[in-house]
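Residue strings, one per chain:
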Amino acid sequence: MLQLQPFRWLYVLLIDYATPDSLGQIAPGVGSVAQTRGTMFRNWFGNGSKQAESNSLYRHGNQHLIELRGVVKEYETAAGPFVALRRIDLNVDKREFVAVIGKSGSGKSTLINMITGIDKPTHGEVLVGNAAVHTLNENQIAEWRGRNVGVVFQFFQLLPTLTVAENVMLPMDFCDLYPGRQRRERALHLLDQVEMIDQADKLPTAISGGQQQRVAIARALANDPQIIVADEPTGNLDSKTADAVFQLFATLIDEGKTILMVTHDEDLAHRVTRTVVIADGMVTSDDKHDQRTVEASAVAQSDTGADAAPQPVEIVSTDDLYPTPRSTSGLLTLAK
């Protein structure tokens with residue numbers, strides 16, 4: 001069994017943007033306390049969706065998987081307070097594919113940081129499943145995020161000294177969710193889903209940028225989170241690879257995941273089920289789409305070239321758009 005314990009503190013730093021104090025608190029004893037506090041965190045935050053489905057209501061009264069209520073975020077600067085978010089109210093339901101778009105400095109990344117717990121609101125509430133994220137301390141947020149949210153970064157953030165498979169195993173090791181013997185098996189299964197299993201024992205520097213992003217997606221799925229948050233996941237990819245990554249996200253929606261994707265790509269933004277536009281720290285537009293063009297646009301681009309405009313496909317009902325969810329243990333097929 002691979003011994004990844006020396007790298008646990010690196011993963012904490014990666015997913016928590018930890019302060020020196022929180023890192024010092026987590027790193028020394030994370031291996032010894034992970035198992036004992038696992039039950040505690042499962043009781044607090046784990047598998048909340050199952051309870052919510054039976055009660056039609058989450059623990060804190062929220063009726064949506066994600067609810068932001070009157071969220072304000074202010075930063076102190078030398079010139080005075082800077083307001084990044086201005087009383088944001090936003091609801092996201094299970095199995096939605098939401099694109100968050102806006103100009104640089106509009107507040108879209110700050111909004112995503114509120115949902116993932118990377119940052120806290122100055123005022124307001126952030127409710128995700130059964131967790132009141134805005135009330136959690138740094139250690140609790142790190143544990144909660146590791147179990148419930150998969151984060152895909154624009155620049156991949158793979159640890160260069162670990163192999164591809166070890167990078168995917170790292171979240172499992174940190175959260176202690178799977179027996180040690182099963183972690184590599186699960187990592188290889190996820191890499192097979194994103195067509196990277198043949199690169200499992202290579203270092204990240206030995207594979208291309210598009211391949212690294214696929215590995216980053218596999219890592220985000222390591223602990224089977226309900227929510228995937230992607231910050232400009234296609235920003236550094238060519239159009240063909242970006243389209244393949246987008247189609248993988250669309251397949252994850254069919255598998256029952258919820259995805260929030262920050263993007264500047266107008267074409268991708270119009271191929272999701274919902275588009276939220278942020279400007280000057282406020283939601284200026286929130287549109288749900290009755291059409292999805294994932295498969296049709298892939299066919300159109302292959303027939304007429306990558307620059308061809310996507311051709312819409314009518315979705316008769318939302319039942320067609322969101323079929324009965326399947327277990328995420330099933331294989332996902334990434335269009336070649």
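Refer to the structure printed above.
Criteria and cut-off values
Residues numbered from 1 in each chain as written. Predicted model: local features only at pLDDT ≥ 70, side-chain atom pairs only at ≥ 80, totals over all residues. Heavy atoms only, no water. Pairing = 2+ DSSP bridges. Helix = DSSP H or I, 4+ residues; strand = E, 2+ residues; numbered from the N terminus. Contact = heavy atoms within 4.5 Å. Axes fitted to C-alpha atoms, helices over the stretch in contact; angles between N-to-C directions. Parallel < 35°, antiparallel > 145°, perpendicular 65-115°, else oblique. Left-handed = near helix turned anticlockwise from the far one by under 90°. Nonpolar A, V, L, I, M, F, W, Y, C, P; charged D, E, K, R; others polar. Phe/Tyr/Trp six-rings, centres within 6.5 Å; stacked < 30°, edge-to-face > 60°. Buried < 20%, exposed > 50% of the residue type's maximum accessible area, 1.4 Å probe, protein only. Salt bridge = Lys/Arg side-chain N within 4 Å of Asp/Glu carboxyl O.

**Digging into the sheet that holds strand β5 (residues 131–132)**
- Strand order in the open sheet formed by four strands is β2-β1-β4-β5, and the pairing between neighbours is antiparallel. Edge positions in the open sheet fall to β2 (80–92) and β5, since each of these has one partner strand only.
- Judged from the two bridges that link them, strand β4 (residues 123–128) and β5 form a sheet pairing that is antiparallel. Residue pairing for β5: V128 is matched across the bridge by A131.
- Against the sheet, helix α5 (residues 108–116) touches β1 (66–77), β2 and β4, its axis set at about 120° to β1.

**Structural notes on the packing of helix α9 (residues 209–220) against helix α10 (residues 239–254)**
- Between α9 and α10, whose axes approach to 10 Å, the crossing angle comes to 15°. With respect to α10, the axis of α9 lies roughly parallel. Crossing geometry of α9 relative to α10 is assigned as right-handed. Residues G210, R214 and I217 of α9 touch α10, and the partners they reach there are T241, A244, V245, L248 and F249.
- Classifying every residue of the contact of α9 with α10 gives five nonpolar, two polar and one charged.

**Details of the packing of aromatic side chains**
- Inspection of the entire model under this criterion finds two aromatic pairs.
- Taking the centre distance of 5.3 Å and the plane angle of 25° together, the rings of F97 and F246 count as stacked. With F97 in strand β3 (residues 97–101) and F246 in helix α10, this residue pair connects regions lying 149 residues apart in the sequence.
- Both rings, one in F97 and one in F249, keep their centres 6.4 Å apart while their planes meet at 85°; by these two values the pair is edge-to-face. With F97 in strand β3 and F249 in helix α10, this residue pair connects regions lying 152 residues apart in the sequence.
- Overall, the relative accessible area of 0% leaves F97 in the buried class.
- Put simply, the rings of F97, F246 and F249 pair up and form one aromatic cluster.

**Quick look at the pattern of salt bridges**
- For the structure on display, the rule yields twelve salt bridges.
- Put simply, E125 and R69 hold a salt bridge, and the shortest N to O gap is 3.4 Å. Taken as a pair, E125 in strand β4 and R69 in strand β1 lie far apart in primary sequence, 56 residues in all.
- Owing to a relative accessible area of 32%, E125 belongs among the partly exposed residues under this scheme.
- On the basis of relative accessible area, R69 is assigned to the partly exposed category, the value being 30%.
- Of the charged contacts in the structure, one is a salt bridge between R183 and D173, with a shortest N-O distance of 3.1 Å. Of this pair, R183 sits in helix α8 (residues 180–193) while D173 sits in helix α7 (residues 164–175); the two residues are ten residues apart in sequence, bridging distant segments of the chain.

Limitation: the analysis is restricted to geometry and does not speak to function.
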